[in-house]
Amino acid sequence: MYRIKHILLLVVVVMTMGAAHAQQVPIFTNYSDSYAVINPGFYGMSEGVNAMGIYRNQWSGFKDDVTGTVVSPVTFLASADMPFKVLGGGLGLSLMRDQIGIESNIALNLGYSYHLDLGAGTMGIGLAFSLNNRSVDFSKAKPLNDNDPVIPTKEQNDMLVDVNLGFYYLVPETFYVSLSTTSLLQSKGKALEGKSSTSASFVGDRTFYLAAGYEYQFPDPKFKLNPSMMLLSDIASTQINVSARLWYNNQFSFGVNYRYQESVDLLVGFMIKGVQINYAYDINTMGLGIAGSHEVSVSYCFKVDLEKSPRIYRSIRYL
């Protein structure tokens, strides 16, 4: 997750370290809806075409004390994946825009997952190529020393090329395990332009993910419980999420997520004519007077049939 220090001190800290690293990558409270961007092994595992969109406004209304402008991190994610049986797997595509203070990141991922029957389930082994356009507008920064020769004074941007690797094992309607890493090569961009010679540059933020989920069917078939967890780490910091979502009649869901030392999150979802809509509200527990976060995800899944017209394929997402 984002941290206040990354918003207020981003420029000074990264420049003194000699490289401009990103803040820790964004994570969604509805994290199972984001697997297409963090784990290419997930591509095509649902046996249908998945289209997904997520909007997240973190710490809604959070302002910079110096400029008074709203600097709440805002993230948009759109993804689609589908099975591609000719190649024995699935294809996936995702586009994410992440805005935090003076920094903006636009990432495009395109990849393939090979599917292997393993025991009672299927293992997806995926690789995705990632293009990340990173931009920082240093002209909007307010450093402690305006004459610091190391800090650039104008907008800087660069394109980083990297790869994501993932393994996704699924036993339908039972459980799944996900292991992946993004920015595997931790590619380094060109040197930034400053008032004096500097070796600072944009660097990819390699992050590791471990997630798992289980589906428990109550004696009453109208009720299902989906407990799940996600752990992510860039080695410097680690975050843990634990969730539980109760489904009624495959149409409505209510749940809660706990993000260690950061927030307690309320979850609600419903399905309308095959369209799944999930909403999450994060209640900050850091004790810093920061407002809550809002997140909305919308997904649609339909089965591909080349001989007949497409028909709706309804499935519960694992969260």
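So, how was this worked out
- Residues numbered from 1 in each chain as written.
- Predicted model: local features only at pLDDT ≥ 70, side-chain atom pairs only at ≥ 80, totals over all residues.
- Heavy atoms only, no water.
- Buried < 20%, exposed > 50% of the residue type's maximum accessible area, 1.4 Å probe, protein only.
- Helix = DSSP H or I, 4+ residues; strand = E, 2+ residues; numbered from the N terminus.
- Pairing = 2+ DSSP bridges.
- Salt bridge = Lys/Arg side-chain N within 4 Å of Asp/Glu carboxyl O.
- Contact = heavy atoms within 4.5 Å.
- pLDDT = per-residue confidence, 0-100.
- Polar contact = N/O pair within 3.5 Å; in protein donor to acceptor, adjacent residues only side chain to side chain.
- Core = buried A, V, L, I, M, F, W, Y, C linked by side-chain atoms within 4.5 Å.

Colleague: Is there a simple way to think about the pairing of strand 3 (residues 74-84) in this case?
Modeller: Looking along a regular strand, one sees side chains alternate from face to face of the sheet. Going residue by residue along strand 3, you find Thr75, Leu77, Ser79, Asp81 and Pro83 tucked away on one face and Val74, Phe76, Ala78, Ala80, Met82 and Phe84 left uncovered on the opposite face. The sheet contact formed by strand 2 (residues 49-57) and strand 3 spans eight bridges and is antiparallel. Across the sheet, the residue bridging to Ala51 is Ala80, located in strand 3. Alignment of strand 3 against strand 4 (residues 89-100), held across eleven bridges, turns out to be antiparallel. Considered in strand 4, the bridge of Val74 is made with Gln99. If you look at the hairpin formed by strand 3 and strand 4, you'll find four residues sitting between the two strands, and Gly88 has a positive phi there, around 70°.

Colleague: How should I be thinking about the pattern of salt bridges in this particular structure?
Modeller: Two side chains of opposite charge can pair, provided their charged atoms sit close to one another. Throughout the structure, instances matching the rule amount to six salt bridges. The partner of Glu295 in a salt bridge is Arg56, and the shortest N-O contact between them spans 2.8 Å. Taken together, the residues span a long stretch of sequence, with Glu295 in strand 18 (residues 293-303) and Arg56 in strand 2 at a distance of 239 residues. Take Glu295 and Arg56: they sit in the same class, and that class is buried.

Colleague: Explain the side chain of Ser79 to me, please; I cannot follow it from the model alone.
Modeller: Structurally, Ser79 is set in strand 3. Setting aside anything within four residues of it in sequence, one finds Ser79 in contact with Ala36, Asn50, Ala51, Met52, Leu93 and Ser94.

Colleague: Teacher, can you tell me more about the pairing of strand 13 (residues 223-233) here?
Modeller: As paired elements, strand 11 (residues 207-214) and strand 13 share six bridges and run antiparallel to each other. In the strand pairing of strand 13, Leu210 is matched with Leu231. Bridge count for strand 12 (residues 216-217) against strand 13 is two bridges, and the pairing is antiparallel. Along strand 13, the bridge assignment pairs Tyr216 with Leu225. The hairpin turn running from strand 12 into strand 13, its antiparallel successor, is five residues long. Examined bridge by bridge, strand 13 and strand 14 (residues 238-248) share eleven bridges and lie antiparallel to one another.

Colleague: What should I look at first to understand the confidence of the model for the protein chain in this one?
Modeller: As a general rule, the predicted coordinates of low-pLDDT regions are not to be interpreted in detail. With 77% of its residues at a pLDDT of at least 70, the protein chain reaches an overall mean of 82. For the stretch residues 1-23, pLDDT sits under 50, and the model shows 69 contacts to residues farther than four places along the chain or on other chains. A low-confidence stretch, residues 306-319 (pLDDT under 50), is modelled with 48 contacts involving residues beyond four sequence positions or located in other chains.

Colleague: What is the right way to read the environment of Asn39 from this model?
Modeller: Mapping Asn39 onto the fold places it in the loop between helix 3 (35-38) and strand 2. A relative accessible area of 0% places Asn39 in the buried class. Beyond its immediate sequence surroundings of up to four residues, Asn39 is in contact with Gly166, Phe167, Tyr168, Ser178, Leu179 and Ser180. Here the side chain of Asn39 touches Ser178 through a polar contact of 2.6 Å, side chain to side chain.

Colleague: How should I be thinking about the nonpolar core in this particular structure?
Modeller: Soluble globular proteins: nonpolar side chains tend toward being buried together. Formed by 23 residues in total, the largest nonpolar core has its most connected members in Tyr35, Ile38, Leu77, Tyr168, Tyr209 and Met230. For this core, the secondary structure elements donating two or more residues are helix 3, strand 2, strand 7 (155-171), strand 11 and strand 13. Sorting elements by how many residues they give to this core places helix 3 first, with four residues. Apart from the residues lying within four places of it in its own chain, the contact partners of Ile38 are Ser180, Thr182, Tyr209 and Met230. Within the second largest apolar cluster, five residues are counted, among which are Ile102, Phe138, Leu160 and Phe202.

Colleague: Help me out: how do you make sense of unusual backbone geometry in this one?
Modeller: As a rule of thumb, non-glycine residues mostly have phi less than zero, and peptide bonds are mostly trans rather than cis. Of note in the backbone geometry, Ile235 takes a positive phi value of approximately 75° without being a glycine. Residue classification places Ile235 among the exposed positions, given a relative accessible area of 68%. Positive phi, normally seen in glycine, also occurs at Gln261, with a value near 60°. Its place among the elements puts Gln261 in the loop between strand 15 (252-259) and strand 16 (263-272). Judged by relative accessible area, which is 55%, Gln261 ranks as exposed.

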